[in-house]
Amino acid sequence: MKVSVKSKDELARMRDACRLTGEIRDICAAAVEPGMTTADIDAIVRDFCAKNRAAASFLGYAGFPGAICVSLNDEVIHGIPSAKRTIMPGDLVKLDVGVCKHGYNGDTARTVGVGVTDPKLLALMDVTRKSLMAGIAATGPGVHLGDVGAAIQKVVEDAGFSVVRDYIGHGVGRTVHEDPPVPNYGKPGKGFVLKPGMTIAIEPMVNAGGCGVSVLEDGWTVVTDDGLPSAHFEHTVAVTDDGAEILTVPYDY
Ligand code: MG
């Protein structure tokens, strides 16, 4: 497996691309409200990318038709923005966005609860974000990806939720998906060993029920098999000399 180690100059470009990616993630999160369609969110991303002379990494990727993935409730990831899809009170809205600038990509996601008061849904979001932060805290030079996955898995399973197995994190850089694969589960001391200068997207997808997922007939949207909700948080991080740096701007909460 060939995993790129970024030079100082490349890391500076990554930082720029990732800062934009984090900005548009939070702009979309602040904009989400009932009555809006998922295509409205897509339009915000396209406008932001045009203004910043950047490209939406997912647009056209393997034929994906949107500039952002917007997945609701039991949809886990890869939801296609649509003018026919209206956001309703109580929805869990997962925003997953990538931006390419100077030839480098950022990839980040967050889940927004639209007027959500159900304690189980609030816990699902909270645990997913905390599992991501635990994965990032475990990341560093000489660390096995099994250590990162195990840290994520422990937070999720201790809370009684399940980690999606069929989709995982990944390296990110000149392309939005590259080696190494970054599972959200694993065994400490096993798997690929990280080095300073590697940049990876860590992205736990956490289901309220079982871990089983399937792809809808649109060929993209991944949904839970049991119809229960799912949450998703993601950051692109750089492995540093003594830990990890969040490149996609920490969440504002
Ligand atoms: Mg990703």
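Refer to the structure above for everything that follows.
Keep in mind that this is a model prediction, so the values were computed, not measured. (Residues numbered from 1 in each chain as written. Predicted model: local features only at pLDDT ≥ 70, side-chain atom pairs only at ≥ 80, totals over all residues. Heavy atoms only, no water.)

Chemist: How should I be thinking about the coordination of the magnesium ion in this particular structure?
Modeler: By definition of the ideal shapes, a tetrahedral metal site with four donors has angles of 109.5 degrees and an octahedral site with six donors has angles of 90 or 180 degrees. Distances from the magnesium ion to its protein donors, Asp107 (OD), His170 (NE2), Glu203 (OE) and Glu234 (OE), fall at 2.1 to 2.4 Å. Read in sequence order, the donor residues coordinating the magnesium ion give the pattern D-x62-H-x32-E-x30-E. With His170 in strand β7 (residues 169-171) and Glu203 in the loop between β9 (199-202) and β10 (205-207), this pair connects stretches of sequence that are 33 residues apart. According to the relative accessible area criterion, Glu203 is buried, its value standing at 6%. (Donors = N, O, S within 2.8 Å, 3.2 Å for Na, K, Ca; no water. Helix = DSSP H or I, 4+ residues; strand = E, 2+ residues; numbered from the N terminus. Buried < 20%, exposed > 50% of the residue type's maximum accessible area, 1.4 Å probe, protein only.)

Chemist: I'm lost on the sheet that holds strand β11 (residues 213-215) in this one. Help?
Modeler: Picture the strands of a sheet paired through backbone hydrogen bonds; they go either parallel or antiparallel. Taken in spatial order, the three strands line up as β3-β12-β11 in an open sheet, and their pairing is antiparallel. The open sheet has two free edges, formed respectively by β3 (75-77) and β11, since each of these has just one partner strand. Across the sheet, the mean angle separating the axes of adjacent strands is 40° when strand polarity is ignored. Here β11 runs beside strand β12 (residues 222-224); their pairing, made up of three bridges, is antiparallel. Directly across from Val213, in β12, lies its bridge partner Thr224. (Pairing = 2+ DSSP bridges. Axes fitted to C-alpha atoms, helices over the stretch in contact; angles between N-to-C directions.)

Chemist: Quick question: what am I supposed to make of the environment of Asp91 here?
Modeler: Locating Asp91 in the fold gives a position in the loop between β3 and β4 (92-101). Relative accessible area serves as the criterion here: at 9%, Asp91 is assigned to the buried category. Residues Asp91 and Ile24, spaced 67 residues apart in sequence, show a C-alpha to C-alpha distance of 20 Å. Among all residues touching Asp91, those that are not within four sequence positions of it are Leu72, Asn73, Thr86, Val112, Gly113, Val114 and Val116. Side chain to side chain, Asp91 and Asn73 meet in a polar contact 2.9 Å long. (Contact = heavy atoms within 4.5 Å. Polar contact = N/O pair within 3.5 Å; in protein donor to acceptor, adjacent residues only side chain to side chain.)

Chemist: Would you take a moment to explain the nonpolar core for this structure?
Modeler: Where a protein is soluble and globular, its nonpolar side chains tend to be buried together. Core analysis: the largest hydrophobic core is formed by 28 residues, its most contacted members being Leu124, Val148, Phe161, Leu194, Ile200 and Ile202. Elements represented by at least two residues in this core include exactly α3 (119-138), α4 (145-158), β9 and β14 (235-239). With six residues, the single largest contributor to this core is α3. Those residues within four positions of Ile202 in sequence are excluded, and the remaining contacts are Leu132, Gly135, Ile136, Thr139, Val148, Ile152, Val182, Phe233, Glu234, His235 and Val237. Counting residues in hydrophobic clusters, the runner-up holds 23 residues, among them Cys28, Ile68, Leu72 and Val114. (Core = buried A, V, L, I, M, F, W, Y, C linked by side-chain atoms within 4.5 Å.)

Chemist: What is the right way to look at the layout of surface pockets in this model?
Modeler: Gaps between atoms show up when a probe of the same size as a water molecule is rolled over them. In this model, the largest pocket occupies a volume close to 240 Å³. Surrounding the largest pocket, 16 residues form its lining, Ile77, His78, Asp96, His177 and Glu203 being those nearest its centre. Here the residues of the lining of the largest pocket are counted per class, giving ten nonpolar, three polar and three charged. (1 Å grid on protein atoms, 1.4 Å probe; cavity = no way out; pocket = protein on both sides within 12 Å on 5 of 7 lines; lining within 4 Å. Points joined across faces, edges and corners; volume = space filled by probe spheres on them. Nonpolar A, V, L, I, M, F, W, Y, C, P; charged D, E, K, R; others polar.)

Chemist: Please clarify how unusual backbone geometry should be interpreted in this entry.
Modeler: Leaving glycine aside, a negative phi is the common case for residues, and trans is the common case for peptide bonds. Put simply, Asp179 and Pro180 share a cis peptide bond, and its omega is 5°. Structurally, Pro180 can be placed in strand β8 (residues 178-182). Residues other than glycine seldom take positive phi values, yet Ala62 does so here, at roughly 50°. The topology assignment puts Ala62 in the loop between β1 (55-56) and β2 (69-72).

Chemist: Whenever I open this one, the packing of α3 against α4 confuses me. Can you help?
Modeler: For any two helices packed against each other, the geometry is given by the interaxial angle and the distance between the axes. It is the contact of α3 with α4, at a shortest axis distance of 8 Å, that shows an interaxial angle of 155°. The pairing of α3 with α4 is recorded here as roughly antiparallel in orientation. In this structure, α3 crosses over α4, and the sense of that crossing is right-handed. Every residue of α4 that contacts α3 at Val127, Lys130, Ser131, Ala134, Gly135 and Ala138 is listed here: Asp147, Val148, Ala151, Ile152, Val155 and Val156. Residues belonging to the contact of α3 with α4 are distributed by class as follows: eight nonpolar, two polar and two charged. (Parallel < 35°, antiparallel > 145°, perpendicular 65-115°, else oblique. Left-handed = near helix turned anticlockwise from the far one by under 90°.)

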